[in-house]
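# Remarks on the overall topology
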Amino acid sequence: MKKSEKERYLKDIVLYCLAFSTLLIVSGCVLLAFEVDIIDFVRLGIGLFGGELLLSCLIRLFGDVPRKAPVATKTDDAEETDGANG
């Protein structure tokens, strides 16, 4: 994934999380006006999306974690020489 694609993906995730959290808060306030208590559901939703936002922010701050280069493996096509034959 290219860096620009990652940036776009993170922006989309942040916007989605903020929009959904706002929707949860508004729906919680509306249902609270009708004396329906869904505060636990609102807390759960905001907690989940808040965690996703936190991970996205950490990825943006620290960038990609450098990974070790893959270890080269022998293939069956490569001929092995013992050095004597050449």
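Residues numbered from 1 in each chain as written. Predicted model: local features only at pLDDT ≥ 70, side-chain atom pairs only at ≥ 80, totals over all residues. Heavy atoms only, no water.

## A few points about the packing of helix 1 (residues 3-33) against helix 2 (residues 39-62)
Between helix 1 and helix 2, the least distance of the axes is 9 Å, while the angle of their chain directions is 160°. As summarised for this structure, helix 1 and helix 2 are arranged roughly antiparallel, according to the angle between their axes. Here the hand of the crossing between helix 1 and helix 2 comes out left-handed. The residue inventory of the contact of helix 1 with helix 2, partitioned by class, reads 15 nonpolar, 4 polar and 4 charged. (Axes fitted to C-alpha atoms, helices over the stretch in contact; angles between N-to-C directions. Helix = DSSP H or I, 4+ residues; strand = E, 2+ residues; numbered from the N terminus. Parallel < 35°, antiparallel > 145°, perpendicular 65-115°, else oblique. Left-handed = near helix turned anticlockwise from the far one by under 90°. Nonpolar A, V, L, I, M, F, W, Y, C, P; charged D, E, K, R; others polar.)

## Points about the pattern of salt bridges
For the structure on display, the rule yields 1 salt bridge. One salt bridge connects Asp 12 with Arg 8, and the closest N-O pair in it is separated by 3.8 Å. One end of the pair is Asp 12 and the other is Arg 8, both in helix 1 and 4 residues apart, which spans about a single turn. (Salt bridge = Lys/Arg side-chain N within 4 Å of Asp/Glu carboxyl O.)

## A word on unusual backbone geometry
Non-glycine residue Glu 35 carries a positive phi angle of around 60°. Tracing the backbone through its elements, the reader meets Glu 35 in the loop between helix 1 and helix 2. Owing to a relative accessible area of 74%, Glu 35 belongs among the exposed residues under this scheme. (Buried < 20%, exposed > 50% of the residue type's maximum accessible area, 1.4 Å probe, protein only.)

## Here we look at helix 1
Counted at 1.5 Å a residue, the expected span for helix 1 with its 31 residues is 45 Å, and the 45 Å between its end C-alpha atoms agrees. Burial in helix 1 covers these residues: Leu 10, Ile 13, Cys 17, Ser 21, Leu 24 and Gly 28. The secondary structure elements touched by the buried residues of helix 1 are helix 2. One or two residues past the end of helix 1 sits Glu 35, with phi positive at roughly 60°. (Expected span 1.5 Å × (residues − 1). Contact = heavy atoms within 4.5 Å.)

## A short note on the packing of aromatic side chains
Throughout the structure, instances matching the rule amount to 3 aromatic pairs. Seen from their ring centres, Phe 20 and Phe 49 are 4.7 Å apart, and the 50° between their planes marks the pair as tilted. Highlighted residues: Phe 20 in helix 1 and Phe 49 in helix 2, separated in sequence by 29 residues. Overall, the relative accessible area of 28% leaves Phe 20 in the partly exposed class. Put simply, the rings of Tyr 16, Phe 20 and Phe 49 pair up and form one aromatic cluster. (Phe/Tyr/Trp six-rings, centres within 6.5 Å; stacked < 30°, edge-to-face > 60°.)

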